[in-house]
Amino acid sequence: MKYKFISDSHLHSINSFDGKDSVIMIAERACQLNLYSITITDHCECNEYEEQNVRKDIEGSVIDTAKARAMYLDKLRIYTGIELGQPTQNEKAAQEALSLGEYDFVLGSLHNIRGEQDFYFIEYTPENTTDLLDRYFREMSDLAKTDYYDSLAHLTYPLRYLAGKTEIPFDRRRYDDAIDEILSELVRRDKALEVNTSGLRQLIGKTLPDEEIIRRFRELGGKYVTLGSDAHRWGDVGAGIEEGLALLQKCGFTHFTVFEKRQPRLLPI
Ligand SMILES: [Zn+2]
Ligand SMILES: [Zn+2]
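Being a predicted model, the structure only gives us computed values, none of them experimental.

Caption draft 1: Region of interest: the coordination of the zinc ion (ligand 1). Protein coordination at the zinc ion (ligand 1) comes from E83 (OE), H111 (NE2) and H154 (NE2), with a distance range of 2.1 Å. Here the zinc ion (ligand 1) and the zinc ion (ligand 2) are spaced 3.3 Å apart, and both take E83 as a donor. Separated by 71 residues along the polypeptide, E83 in strand 3 (residues 77–85) and H154 in the loop between strand 5 (151–152) and helix 5 (157–165) bring together distant segments of the chain. Of the residues examined, E83 reaches a relative accessible area of 0% and is grouped as buried. Taking relative accessible area as the criterion, H154 reaches 1% and is therefore assigned buried.

Caption draft 2: Spatial organisation of the packing of aromatic side chains. For the structure shown, the criterion picks out 10 aromatic pairs. Summarising the aromatic geometry, the rings of F5 and Y36 are spaced 4.8 Å apart at their centres and angled 85 degrees between planes, so their arrangement reads as edge-to-face. You can see F5 sitting in the segment before strand 1 (7–11) and its partner Y36 sitting in the loop between helix 1 (23–32) and strand 2 (37–45), a full 31 residues away along the chain. Comparing F5 with Y36 shows no difference in burial state: the two are buried. Between F119 and Y136, the aromatic rings sit 5.5 Å apart at their centres with planes inclined by 85 degrees, giving edge-to-face as the arrangement. Within this pair, whereas F119 is found in the loop between strand 4 (105–109) and helix 4 (126–144), its partner Y136 is found in helix 4, the two being separated by 17 residues in sequence. Grouping residues by exposure puts F119 and Y136 together as buried. Put simply, the rings of F119, Y120, F121, Y136, F137, Y157, Y161, F170 and Y175 pair up and form one aromatic cluster. Seen from the ring of Y120, K165 lies directly overhead, with NZ or CZ sitting 5.0 Å from the centre.

Caption draft 3: Here's a closer look at the sheet that holds strand 3. Read across the sheet, seven strands follow the order 1-2-3-4-5-6-7 without closing on themselves; strand pairing throughout is parallel. Sheet topology places strand 1 and strand 7 (225–228) at the edges, where each strand pairs with a single neighbour. In this sheet, strand 6 (residues 192–196) lies alongside strand 5 in parallel orientation, the contact comprising two bridges. Within strand 6, the position partnered with L152 by the bridge is L193. The strands that helix 8 (residues 241–250) touches are strand 1, strand 6 and strand 7; relative to strand 7, the one it contacts most, it runs at about 155 degrees.

Caption draft 4: Seen up close, unusual backbone geometry. Cis geometry marks the peptide bond from L208 to P209, where omega comes out at 0 degrees. As for its placement among the helices and strands, P209 is situated in the loop between strand 6 and helix 7 (211–219). Notably, N53 is not glycine yet its phi reads approximately 50 degrees, a positive angle. Structurally, the position occupied by N53 is in the loop between strand 2 and helix 2 (54–71). Classification of N53 by relative accessible area gives partly exposed; the value is 42%.

Conventions and cut-offs
- Every chain is numbered independently, its residues counted from 1 as its sequence is written.
- Think of it this way: whatever chain is written first is A, whatever ligand is written first is 1, and the rest follow in order.
- Per-residue local features are limited, in this predicted model, to residues with pLDDT of at least 70; the limit for side-chain atom pairs, both in listing and counting, is 80 or more; totals at the level of whole chains, interfaces and linings are taken over all residues.
- Calculation of side-chain values draws on the structure's entire complement of heavy atoms; hydrogens and water are dropped beforehand.
- Any N, O or S atom lying within 2.8 Å of the metal counts as a donor, and for Na, K and Ca the limit rises to 3.2 Å; water is left out, so some sites can look incomplete.
- Strands here are runs of E lasting at least two residues and helices are runs of H or I lasting at least four, both read from the DSSP assignment and numbered beginning at the N terminus.
- In this scheme, a residue with accessible area under 20% of its type's maximum is buried, one over 50% is exposed, and one in between is partly exposed, where area comes from a 1.4 Å probe on protein chains only.
- Think of it this way: a Phe, Tyr or Trp ring, Trp meaning its six-membered ring, pairs with another when their centres are within 6.5 Å, and the plane angle makes it stacked under 30 degrees, edge-to-face over 60, tilted otherwise.
- Cation placement over rings: the criterion is NZ of Lys or CZ of Arg within 6 Å of the ring centroid and within 35° of the ring normal.
- In this scheme, strands are said to pair when DSSP sees at least two bridges between them.
- Working rule for contacts: check all heavy atoms of both residues, and any pair within 4.5 Å makes them a contact.
- Where helices are involved, their axes are fitted lines through C-alpha atoms of the stretch in contact, as for all axes, and angles between N-to-C directions lie from 0 to 180°.

Next comes the structure, spelled out in structure tokens:
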């Protein structure tokens with residue numbers, strides 16, 4: 001292991017609709033890999049909170065994480081987190097979800113823009129792509145301006161699927177100002193940017209966001225970066241975190257961040 005501290009701050013258990021393995025299995029895998037800490041961040045899709053009975057999943061996640069924490073007390077730091085999706089689309093749900101646990105860490109996410117399905121399911125065409133991306137960055141900016149999160153998750157999320165499923169080019173320069181606005185908001189609010197390493201094991205082949213945006217975050221004064229594999233199965237726990245640390249170093253960061261009781265803790269790379 002090249003790095004002293006390896007932390008995976010974005011992990012899904014069976015308490016996420018798309019998670020495959022238990023918190024205990026995730027913890028066991030993290031121990032095998034000698035990780036410093038993990039944070040369980042099961043989904044809370046706020047826009048589906050009532051229909052999908054998301055509350056039950058969140059309560060399950062908090063309980064399972066507490067149990068694992070007690071079991072692994074001497075072996076591994078296990079933090080209680082949540083991935084709060086679309087909190088601005090259902091603020092009542094977001095507030096309720098945040099009251100269900102004593103969280104260490106809240107990831108703020110946007111998987112679907114208002115009135116649309118998850119980017120995962122969208123058929124991209126040259127005609128609809130620009131409009132969808134324009135709306136995505138606008139809604140991310142609205143989310144960045146709230147206090148519903150500690151770290152903003154997988155910025156450029158739609159590219160995971162755009163780059164994977166289509167040949168439609170991403171006109172990056174069109175979004176320079178929008179991205180700057182989001183990153184500046186994080187800096188102003190002392191929030192973290194997540195570097196999500198799931199893209200490294202998908203067709204896009206890059207972290208979300210990628211190097212250019214991570215560099216820009218630092219240039220704008222960004223201090224806190226969290227790293228997460230976004231694993232949905234135990235075999236992916238810790239995947240890409242070392243590559244993520246190397247990338248942070250390359251971008252000039254000397255530390256990465258984990259959150260404990262919703263406070264940032266800087267750890268040396
Ligand atoms: Zn997500
Ligand atoms: Zn996730």
